[in-house]
Amino acid sequence: MPSGETTFVVRAPLERVWGFLSDMQQVGSCISGVEEVKIVDSATAEWTIKQKIGFLTKTMKVRTQSLEQTPPTHAKFQGEGEEVSMVGTIDLVALPDGATQVHYQMDATAHGALAKIMDNYVKTKIGQQTQEFADNVKKKLEAV
Amino acid sequence: MPLIVREMAAASTDVLILGAGHNGLIAASYLAKAGLKVRVVERRGIVGGVCVTEEIAPGFHLSTTSYSCGLLRPQIKEDLELSRFGLVETHLDPEKFVPFPDGRHAFVYDDREKTVKEFAKFSKKDAQAYPAWCQFWDQFSEIVDPTLLAPPPPIADLAGMFRGAEAEEVLRRMLLMSAAELLDETFESEEVKAILVTSSTIGTMSGPRTPGSAYILGHHLIGDIGGVRGRWGIARGGMGAVTQALAGAALHWGAKIETGAEVRRLIVKDGAVRGAELSSGERIEAKAVISNIDPKQTFLKLAGPDHLPAEFVRGIERLKTEGSVLKVNCAISELPDWKALPGTRLGPQHIGFQDICPSIDYLERAYDAAKYGRMSEKPFLDCLIQSASDPTVAPPGKHTLSIFTQYFPYHLRKGSWDDHREEAGDLVIDTLCEYAPNMRKAILHRQVITPLDLERTYGLTEGNIFHAEITPDQMFSFRPVPGWSEYRTPIDRLYLCGSGAHPGGGVMGGPGHNGAQAVLEDWRAGRLI
């Protein structure tokens with residue numbers, strides 16, 4: 001199963017980071033390839049993800065759901081699509097200087113006839129994508 | 001407990017691997033690393049298959065068959081820790097030197113901007129087109145790369161990824177067009193097209209104008225050395241260093257490897273393979289057998305058609321396997337003094353591949369002869385001097401010269417390869433000397449390996465270096481036969497792991513990795529106890 005994780009520091013207080021990252025709309029907006037986030041209910045959202053593979057563009061719809069929330073430090077969510085499933089966790093630690101350490105992990109599994117190929121593709125991209133997630137979160141939270 | 005399960009439980013070998021070529025050794029490593037009891041049997045006295053270094057004259061160590069690395073998957077190198085077992089790869093830069101009959105020459109470099117400047121010598125328009133050409137193949141690699149270490153999906157599902165007019169156009173180009181057509185669309189000068197066309201026919205009985213040759217070109221552009229896609233290189237010590245590292249890995253994880261052990265037949269009973277019988281008479285029982293030998297030999301000779309469905313046998317018989325390659329390996333006293341860039345002192349012209357192919361027409365005419373069972377009057381040459389970058393393979397001041405050349409068809413219209421071996425070797429050297437006249441006197445020792453030698457000595461049916469042609473009609477889920485592309489075979493517990501399975505040949509390692517994964521999947525599901 002392709003897996004990516006990253007730990008980074010955001011120059012923002014814990015409560016603010018929690019408020020941002022416990023919101024599926026905000027999390028979706030920081031994941032590269034997520035083009036649209038439609039809120040279904042307080043715990044569910046539908047992401048439209050576009051991935052470029054060489055010349056090809058693949059569009060997938062993934063229904064994401066919040067599985068666990070232990071405010072303000074831990075959240076777990078899952079995403080289910082026709083071709084891909086994912087499980088992500090976010091863990092926050094308040095730092096003495098007022099910043100927040102974020103640990104983000106994402107595991108993804110492809111389904112269907114092209115599953116093994118898509119898994120191989122995701123493996124090559126997931127490291128870069130988790131890093132992009134970190135960069136996007138920092139950009140949005142530190143800009144204000 | 002059914003009889004077959006009782007018999008299999010008693011076998012002390014979990015997996016018997018036929019052939020210690022690079023794919024067999026890769027399979028052995030993955031399986032042994034997973035804890036299975038693995039035994040590899042190899043007919044020759046050395047491991048390596050066609051990925052070997054052999055001493056052709058005292059002190060001259062040549063990659064006698066395959067001669068360059070680059071396609072071996074980085075994932076495999078990492079999983080099997082090959083650097084720990086001695087593999088050192090160096091990429092070639094400049095990658096290519098091409099001399100032309102009018103005295104001009106060109107280099108292809110790692111640095112695309114430097115290559116653009118080279119191409120500008122022939123055409124400014126071509127120089128400007130080159131970056132887009134490279135980008136096309138980068139994107140091709142991005143699509144093809146994830147398919148290499150996985151069983152091929154049904155072709156309909158793979159093709160289904162290409163939806164919409166733009167994507168369909170890409171698919172058409174990738175699978176159905178000829179390399180010459182793609183090059184004619186993109187470039188105007190014969191020289192630039194010649195520089196870029198040669199990989200489209202490597203090891204294949206087809207020409208640059210054959211539909212599907214664009215795919216073959218792409219197959220040779222998906223290499224990766226040091227994280228840079230498209231690179232080719234050498235293994236220090238020659239290609240044998242690759243298989244020595246693989247053998248080291250396999251042994252480290254507990255596999256047993258025996259050389260001088262030729263398989264006479266597979267032992268098949270009640271639709272399942274039980275093991276193999278060697279030429280010595282020894283019978284080896286195993287819970288599974290995985291063959292690194294080409295499909296025709298595996299099924300038609302070792303297993304026997306009686307144990308196989310008739311339609312499958314017909315599919316294997318129909319496989320295109322005619323070889324077209326002659327290899328001339330030389331010990332030389334000095335470096336080529338190219339008319340197009342004179343000098344026998346070590347220079348950039350001696351580092352990478354040195355190609356004799358001045359135009360697409362030249363290459364196509366070379367192929368024309370082979371269609372009618374004749375050697376090319378003017379063959380294509382791909383020369384490599386390993387010692388220019390790796391002094392370990394030749395005595396000081398001397399060099400090794402590997403010449404990969406086409407077309408020398410396995411089926412000659414007149415005579416046999418034993419009658420024509422030296423004539424073919426002379427033809428190759430005559431061609432080389434048109435461009436580097438000093439080579440005739442520089443050759444201290446010459447070895448000529450014909451398609452028949454590739455079959456007899458190295459175990460390749462009809463001398464095909466890829467076990468079967470890598471034309472699109474024999475790739476992905478067509479390889480080796482539609483319906484049987486996922487390494488399992490119609491004989492229960494018998495698997496393929498050689499280049500005759502997806503993703504084909506080129507010292508890529510994909511078949512070895514994937515074949516092993518198929519065995520492990522069945523093992524973990526309890527289907528091989």
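Residues numbered from 1 in each chain as written. Chains lettered and ligands numbered in written order. Predicted model: local features only at pLDDT ≥ 70, side-chain atom pairs only at ≥ 80, totals over all residues.

Before going further, it helps to spend a moment on the overall build of chain A. In terms of regular secondary structure, chain A is built from three helices and seven strands. Going residue by residue from the N terminus, the α and β elements of chain A occur as β-α-α-β-β-β-β-β-β-α. Relative to its length of 144 residues, chain A is compact, with a C-alpha radius of gyration of 15 Å against a globular reference of 15 Å. Considered along the principal axes of its C-alpha atoms, chain A spans approximately 50 × 30 × 25 Å. By residue count, 31% of the 144 residues in chain A fall in the buried class. (Helix = DSSP H or I, 4+ residues; strand = E, 2+ residues; numbered from the N terminus. Rg over C-alpha atoms; globule rule 2.2 N^0.38 Å. Buried ≥ 20, exposed ≤ 12 C-beta atoms within 10 Å, placed from the backbone.)

With that out of the way, let us pick up the overall build of chain B. Along the backbone of chain B there are 18 helices and 20 strands. By the compact-globule yardstick of 24 Å for 529 residues, chain B fits well, its C-alpha radius of gyration being 23 Å. Projected onto its principal axes, the C-alpha positions of chain B cover 75 × 60 × 50 Å. The buried share of chain B, reckoned over its 529 residues, is 56%. The contacts in chain B between residues at least 6 apart in sequence include a share of 73% that link residues at least 24 apart. (Contact = placed C-beta atoms within 7 Å.)

Time to look at the sheet that holds strand β7 (residues 100–110) of chain A. Working definition: the strands of a sheet are paired by backbone hydrogen bonds and lie parallel or antiparallel to each other. All names here are of chain A. Taken in spatial order, the seven strands line up as β1-β7-β6-β5-β4-β3-β2 in an open sheet, and their pairing is antiparallel. Pairing within the sheet leaves two strands with one partner each, and these edge strands are β1 (3–10) and β2 (34–41). Direction aside, neighbouring strands of the sheet carry axes that sit 20 degrees apart on average. The pairing of β2 with strand β3 (residues 44–53) spans six bridges and is antiparallel. Of the residues in β3, the one forming a bridge with K38 is E46. Each of β1, β5 (74–81), β6 (84–94) and β7 is contacted by helix α1 (residues 14–21), which is oriented at about 170 degrees to β6, the strand it contacts most. (Pairing = 2+ DSSP bridges. Axes fitted to C-alpha atoms, helices over the stretch in contact; angles between N-to-C directions.)

Across the boundary between the two partners, chain A contributes ten residues, which contact 16 residues of chain B. It is helix α3 (residues 115–143) of chain A that contributes the most residues to the side of chain A that touches chain B, four residues altogether. In terms of residue class, the side of chain A that touches chain B is built from seven nonpolar, two polar and one charged. (Nonpolar A, V, L, I, M, F, W, Y, C, P; charged D, E, K, R; others polar.)

Residue and element names in this part refer to chain B. Residue Y407 is bonded to the preceding Q406 through a cis peptide linkage, with omega at 15 degrees. One can find Y407 in the loop between β18 (399–406) and α15 (417–435). Even without a glycine there, the phi angle at D270 is positive, about 55 degrees. Position of D270 among the secondary structure elements: in the loop between β12 (263–269) and β13 (272–278). Residues other than glycine seldom take positive phi values, yet V507 does so here, at roughly 55 degrees. When you line up the elements, V507 lands in the loop between β20 (494–496) and α18 (510–524). A tally of 25 C-beta atoms within 10 Å means that V507 is categorised as buried.

Let us now look at the confidence of the model for chain A. Overall, the predicted model of chain A reaches an average pLDDT of 90, with 99% of residues at or above 70. When pLDDT is averaged over each helix and strand of chain A, the minimum, 87, is found for helix α2 (residues 24–30) of chain A and the maximum, 94, for α1(A). (pLDDT = per-residue confidence, 0-100.)

Here the focus is the nonpolar core. Counting residues in hydrophobic clusters, the biggest one holds 195 residues, and the most contacted among them are A:V17, B:V15, B:A28, B:L31, B:V242, B:L246 and B:V289. Contacts of B:V289, omitting those with residues within four sequence positions, involve B:L16, B:L18, B:L266, B:V273, B:G275, B:A276, B:R493 and B:L494. (Core = buried A, V, L, I, M, F, W, Y, C linked by C-beta atoms within 7 Å.)

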